[in-house]
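Results of the structural survey
Chain by chain, the residues run as shown.
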Amino acid sequence: MSNRIGVYVCHCGTNIHPKVNSPEVAGFSEDLQNVVVGRDYKFMCSDPGQDMIIRDIQELGLDRVVVASCSPRLHEKTFQNACLRAGLNPFLFQMTCIREHCSWVTEDSEEATCKAKHLVAAAVNRVNYHDELYSRMEKVHPDVLVVGAGIAGIQAALDIAKAGHKVHLVEKAPSIGGHMAQFDKTFPTLDCAACISTPKMVAVAQEPNINLMTWAEVEQVSGFVGNYQAVIKQKPRYVDMVKCTGCGLCLEKCPTKVPSEFEEGMGLRRAIYRNSPQSVPNKPVIDATVCRTLNGKKCGVCEKFCPSGAIDYEQQEQTLTVDIGTIVLATGFDTMDPTPMKQYGFGRFDNVLTGLQFERLNNAVGPTGGKIVKKDGTPPDSVAVIHCVGSRDKNHHEYCSRVCCMYALKYDHLIKDKVGHHVKVYNFYIDLRCFGKGYEEFLTRVQEEGVTFIRGRPAEITDKARTPEEEGKLVVVSEDTLLGQTVRVPVDMAILCTAMEPRPDAPEVARRFGISQGLDKFFLEEHPKLGPVSTATDGVFLAGTCQGPKDIPDAVSHASGAAAQALALAARGEVAISPTTSWINPDICIGCKACIGLCAYSAIEFDDRLRVSVVNEAMCKGCGSCAAHCPSGAAQVKHFTEKAIFTELAGMLAPVPEAPITVEDHAESPMAEAGPQESVPPAAETEETATAS
Amino acid sequence: MSEFEPTIVAFVCNWCTYTAADLAGTARMVQSPNVRLIRMMCTGMVDPKYVIKALLSGADAVLVSGCHPGDCHYINGNYKARRRIKLLTEILTGFGFDERRLKLTWVGASEGNEFAETVNKMVEDIKELGPGEATAIEVM
Ligand SMILES: Cc1cc2nc3c(=O)[nH]c(=O)nc-3n(C[C@H](O)[C@H](O)[C@H](O)COP(=O)(O)OP(=O)(O)OC[C@H]3O[C@@H](n4cnc5c(N)ncnc54)[C@H](O)[C@@H]3O)c2cc1C
Ligand code: FES
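Here is what the cut-offs are and how they apply
Residues numbered from 1 in each chain as written. Chains lettered and ligands numbered in written order. Predicted model: local features only at pLDDT ≥ 70, side-chain atom pairs only at ≥ 80, totals over all residues. Heavy atoms only, no water. Disulfide = S-S within 2.5 Å. Helix = DSSP H or I, 4+ residues; strand = E, 2+ residues; numbered from the N terminus. Buried < 20%, exposed > 50% of the residue type's maximum accessible area, 1.4 Å probe, protein only. pLDDT = per-residue confidence, 0-100. Contact = heavy atoms within 4.5 Å. Buried area = accessible area lost by both parts, 1.4 Å probe. Salt bridge = Lys/Arg side-chain N within 4 Å of Asp/Glu carboxyl O. Polar contact = N/O pair within 3.5 Å; in protein donor to acceptor, adjacent residues only side chain to side chain. Pairing = 2+ DSSP bridges. Right-handed = clockwise from strand over helix to strand, strands pointing away. Patch = residues over 30% accessible without salt bridge, like charges linked within 9 Å, V, L, I, M, F, W, Y side chains within 5 Å. Areas by Shrake-Rupley, 256 points an atom, 1.4 Å probe, with all protein chains shown as cover. Lys, Arg positive; Asp, Glu negative; His and termini not counted. Charge placed at Lys NZ, Arg CZ, Asp CG, Glu CD. Near = heavy atom within 4 Å. Core = buried A, V, L, I, M, F, W, Y, C linked by side-chain atoms within 4.5 Å. Domains from an automatic or database assignment. Axes fitted to C-alpha atoms, helices over the stretch in contact; angles between N-to-C directions.

1. A few points about the state of the cysteines
Put plainly, two cysteines are in a disulfide when a covalent bond ties their sulfur atoms together. This model, assessed by the stated rule, comprises 2 disulfides over all chains. Here C16 of chain B is linked by a disulfide to C67 of chain B, with a sulfur-sulfur distance of 2.5 Å. Because the sign of the S-S torsion sets the handedness, a value of about 105° for the bond joining C16 of chain B and C67 of chain B places this disulfide among the right-handed ones. Taken together, the positions of C16 of chain B in the loop between β1 (8–13) and α1 (17–26) and C67 of chain B in the loop between β3 (61–66) and α3 (77–94) put the pair 51 residues apart, joining distant regions of the chain. Residue C16 of chain B is classed as buried on the basis of its relative accessible area of 4%. With relative accessibility at 2%, the residue C67 of chain B sits in the buried group. C102 of chain A supplies the cysteine sulfur nearest to C114 of chain A, a cysteine that is in no disulfide, at a spacing of 9.1 Å.

Below, the structure is given as structure tokens:
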């Protein structure tokens, strides 16, 4: 008995039709083999659109459905569910994209319509060879892995733990908090950063549902959604976490001093160190690269002074494996190193600082005890704050870093507040982007404090004076685009608001977790608007600035979103796994074992008794490596069978009949009444809102 | 005489190039309508038979496109594809096909512009090259 196929061609409001003549495509489909009905409709994804399919399945006895509309990545599930509701197996459905791949990108309407016909013919051909398939249900492990414990990772871990699920929180640094731990005040409220983040950090340490692993990294991930295994490497701390009381005596006695990363190179730390007294955990680590004892020299000072005998030079690296159901990545950002931008003299002039260095200058436990001073220890009389360094710049990062305007304003205020109102503060900006809640109000407040705004991107910072006033100063040379002239502004200190950028190890991390990076190299979300926390890999979610520049409120909201997504899977406890795995037909397999070597998942075993290869469906991901190679054609990926692809090809390449004559071209044509503009789809008066892109 | 309009079949990986094609669409990057996409789960799934079949059934060229080396959603399917396409190109040229009729590219999920450029460039190249050699093969 032949199949009964229904074809549905969407207008997507005006997104597909009239560029692609949807009624014409629907009419064309009715002449294709086994097609019982071809319809077009304004919004196929709307309820009436779906009902139309359901009704036809039930009334016309359709056993196959084809929808030509937007990308299947958007609405394949919607239509599969409609089929399911009508009692049709969702795999007896095929979707073809005539919007993103056709109407939106083709200039000529006739060509677009012709391409759409080819695509519909291919889909109709293919759907004939679809089989009923059934998803497999798998248990979801209730535990969650959170990677990175900046404010985003902390928020996600706390949300998940509070819901009663166990979290493994892995942080690569010796303590948690990320960048926020380096700040003193936060815009726009000027809350003290420690006051708002320390309670959260302490909550992480005290939460029984959180297994916090600092100074650790995830080395390897295997498995699939609901059933991942992560191998975690715990670097040796050389300090016994149980015995250490965090008294800090060792930090004073250690004789080795090196520049501190946490202080952005402005202060020194010892070989045994912790970032700050508020660090969580507040127990130090020994930097094995500089410690005298660990490098075979005589020392052992910390061991000698430690009152609790916590120093252990013999500690070894440990690896442990955890089972988890879902993963939240919260690995954060880095700031751009401005050294290569020679024109700003960073590294050459003492008083050219980065934003993060200025944060440390402000911090009560920073290198100056919170005093804003120049390298020589005296306060500045004038400061230039240079916005967008490396952001919105084709030579560096095209994107806007979204926080620099705001932290620049924060600095304006802090300078006026801490050093005095006589200090002249000059902002060099391109545009002021104060878009968040309370941000515009903050700008107004800072403007009222008597700060100067110069619109222009400085060309250079120089110490070559031209006038007596410039003598001994840093001169910022810039165009003032509002005045249309070049300005030279002598200052004592310049702060570079450098761009936020992805961490240097982002490519490796992306690979390890099976996700992609975007053009900007931040981790790529599943959909820029509707899937900002999920990724192309099921069960892996993104939180915070690893996905793109964000301020703290946005990073925290994003993290709570990721937590909710991870919890949705964990709480439900089971997940449907796609049945589109490989299958090896034992009647055809010749037992050559070629597929076994090709399988990247070790999902194929050899049955010695039957002398054939057998796919383990639980491990197969359906990549098709085996099927593309199998010399006998025994290995086939379900839903992507050779027959399906061959017929899809045939449909795609078959000539389509000439487009019927349209109204505009031939007014006398008998088709005039049915011209594309006039044809009214059934029930087109319903006012749905388009879900375009 | 109207210009020769080639037909090109593209086997593209769902995770990267298909997504890039969606992105190119969303950004309304105009493309020649000559390229028609077949969505595969991975380039490693593209059986050389499919390419041959396409060329023999009237396609003037075939594009295979997937994730960048190292980025394959299935660990290393694209490496397998790279080897297969290399061998297949040798076979096809042996049968008189111009090697430009089979192209393998890596277009990542965020590279909509790259996808549009690849499509337009390939259509241009094949227009220059003229219709496929398949008819001659059929005679053999
Ligand atoms: C100079 C400056 C000033 C700012 N001031 C403000 C402000 O006043 N107000 C405001 O709202 N926002 C401000 N921001 C923005 C704010 O810093 C971010 O929104 C916030 O820190 C993002 O947090 P996060 O958790 O996403 O990333 P991060 O803070 O970068 O944390 C990421 C964490 O992950 C860890 N990690 C990284 N890779 C790995 C790995 N592979 N394995 C394990 N762990 C890993 C890191 O060690 C780190 O602890 C400012 C930004 C800058 C640059
Ligand atoms: S998944 Fe894209 S090439 Fe393998």
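There's plenty left to go through after this.
2. So, the confidence of the model for chain A
In this model, chain A carries an average pLDDT of 93, and 95% of its residues clear a pLDDT of 70 or more. Contacts of residues 662–693 of chain A to residues separated by more than four positions or lying in other chains number 43 contacts, the stretch itself having pLDDT below 50.

3. Focus: the interface of chain B and chain A
Taken together, the contact pairs 51 residues of chain B with 46 residues of chain A. Summing both partners gives a buried area of about 4,100 Å² for chain B against chain A, and 61% of it is carried by carbon and sulfur. The interface formed by chain B and chain A holds 4 salt bridges in total. Residue E76 of chain A pairs with R39 of chain B through a salt bridge whose shortest N-O separation is 3.5 Å. Counting the contacts that link chain B with chain A gives 16 residue pairs in polar contact (both at pLDDT 80 or more).

4. A short note on the pairing of strand β23 (residues 452–455) of chain A
Residues and elements named next belong to chain A. When strand β22 (residues 424–429) meets β23, the two strands line up parallel, connected through 4 bridges. Within β23, the position partnered with F428 by the bridge is I454. Between the parallel elements β22 and β23, the chain passes through helix α12 (residues 439–448) in a crossover that is right-handed.

5. A closer look at a negative patch on the surface
All names here are of chain A. A surface patch of negative charge is lined by E107, D108, E110 and E111. The residue D108 is located in the loop between α4 (99–103) and α5 (109–127) in this model. According to the relative accessible area criterion, D108 is partly exposed, its value standing at 35%.

6. Comments concerning the confidence of the model for chain B
Residues with a pLDDT of 70 or more make up 94% of chain B, whose mean pLDDT is 92. Overall fold confidence for the complex sits at a pTM of 0.86, while the interface term, ipTM, reaches 0.96.

7. A word on the site of ligand 1
Residue and element names in this part refer to chain A. If you check the shell around ligand 1, you find 37 residues, and the closest are E171, H179, K410, T545 and K550. Within the contact set of ligand 1, an oxygen atom lies 3.3 Å away from a backbone nitrogen or oxygen of F333. In this structure, K550 approaches ligand 1 through a main-chain N or O atom, which is 2.7 Å from an oxygen atom. For the shell around ligand 1, the secondary-structure elements that each account for two or more residues are α6 (151–162), β8 (185–186), β19 (333–335), α10 (355–362), α11 (404–418) and α14 (552–572).

8. Re unusual backbone geometry
Residues and elements named next belong to chain A. Note the cis peptide between F187 and P188, where omega equals -10°. Structurally, the position occupied by P188 is in the loop between β8 and β9 (191–192). Note the cis peptide between V280 and P281, where omega equals -10°. Relative to the elements of secondary structure, P281 occurs in the loop between β15 (272–273) and β16 (285–286).

9. Some remarks on the nonpolar core
Counting 89 residues, the largest nonpolar core has Y8, V65 and I98 of chain A together with V9 and F11 of chain B as the members making the most contacts within it. For this core, the leading source of residues is α5 of chain A, giving 9 residues. Viewed by domain, this core spans two of them, domain 1 (5–133 + 640–692) and domain 3 (582–637) of chain A, each represented by three or more residues. Those residues in contact with F11 of chain B, other than ones at most four positions away along the chain, are I645 and L649 of chain A together with I38, M40, V46, Y50, V51, V62, L63, V64 and S65 of chain B. Core analysis: the second largest hydrophobic core is formed by 55 residues, A149, M213, F541 and I577 of chain A among them.

10. Structural notes on the sheet that holds β1 of chain B
Residue and element names in this part refer to chain B. If you walk across this open sheet you meet the 4 strands as β2-β1-β3-β4, and the pairing is parallel. Of all strands in the sheet, those bounded by a partner on one side alone are β2 (35–40) and β4 (102–106). The sheet shows a mean angle of 20° between the axes of neighbouring strands, direction not considered. Bridging between β1 and β2 involves 6 bridges; their strand directions are parallel.

11. What to know about the pattern of salt bridges
Applying the stated rule across the entire model yields 34 salt bridges over all chains. We note a salt bridge from D71 of chain B to R511 of chain A, for which the minimum N-O separation is 3.3 Å. One end of the pair, D71 of chain B, is in the loop between β3 and α3; the other, R511 of chain A, is in helix α13 (residues 506–512), on a second chain. When salt bridges with common partners are traced through the structure, they connect D184, K185 and K418 of chain A into a single cluster.

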